[in-house]
Amino acid sequence: MNKVILIGRIAKDLELKHTGNGLAVCSFSLAVNKPYKSGGNAGNQADFFNCIAWRGTAENLCKYQKKGSLISVEGNLINNSWEDNNGVKRYKTEVNVSTIEYLGGKKEAEADFRDDPYAYMEAEAKLPDYDINNDDIPF
């Protein structure tokens, strides 16, 4: 099974790019804290994971998140290898992101809405429209 779930903060500014076929893609680095204990001292260190998101996931990520945003990513690992110009074999491992959840707190969300007053209406418009009548309510 090849499945990865990470929670961390976006480490660099996001940039949306498009392939030659017009496919949206966003490569980013996710900083994930891990606790450590050494010589009586304790704290957190960060591991940085290369991630790549495609299509609508990439577009929404770049539109609604920024450097420092707390997110959860789910996907699978992909390994790439190639030879550089000097003939040296190079390797890169990335998380191929399938889903992203935005985990930022209320203060982060309020700051985003202050910066873009229409963001709240756009976010609210994406909520599902449930058709509930009185017969559906159990009390």
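It should be noted that the structure appears before, not after, this text.
Here's a quick rundown of the structure. (Residues numbered from 1 in each chain as written. Predicted model: local features only at pLDDT ≥ 70, side-chain atom pairs only at ≥ 80, totals over all residues. Heavy atoms only, no water.)

1. So, the pairing of strand β4 (residues 41-54)
We count it as follows: By definition, two strands form a pair when at least two bridges between them are found by DSSP. Labels follow the DSSP assignment, with helices taken as runs of H or I lasting at least four residues and strands as runs of E lasting at least two, numbered in each case from the N terminus.
Sheet topology places strand β3 (residues 24-38) next to β4; 14 bridges connect them, and they run antiparallel. Bridging from a neighbouring strand, Leu30 pairs with Phe49 of β4. In sequence, β3 turns back onto β4 through a hairpin of two residues, with Gly39 there showing a positive phi of about 55°. Note: β4 against strand β6 (residues 89-102), two bridges, orientation parallel. Looking at β6, one finds that Ile52 is bridged to Asn96.

2. What about unusual backbone geometry?
Phi is positive for Arg55, close to 50°, though the residue is something other than glycine. Summarising the element assignment, Arg55 is placed in helix α1 (residues 55-64).

3. Looking at the environment of Ala42
As a reminder of what qualifies: When a residue's accessible area, from a 1.4 Å probe over protein chains only, is under 20% of the maximum for its type it is buried; when over 50% it is exposed; and in between it is partly exposed.
Mapped onto the elements of the fold, Ala42 is located in strand β4. Relative accessible area serves as the criterion here: at 61%, Ala42 is assigned to the exposed category.

4. Notes on the state of the cysteines
As a reminder, the rule being used: For the purposes of this analysis, a disulfide is any pair of cysteine sulfur atoms at a distance within 2.5 Å.
One pass over the structure, following the stated rule, counts zero disulfides. No disulfide involves Cys26; its sulfur sits 3.3 Å from that of Cys62, the nearest cysteine. Residue Cys62 is classed as partly exposed on the basis of its relative accessible area of 21%.

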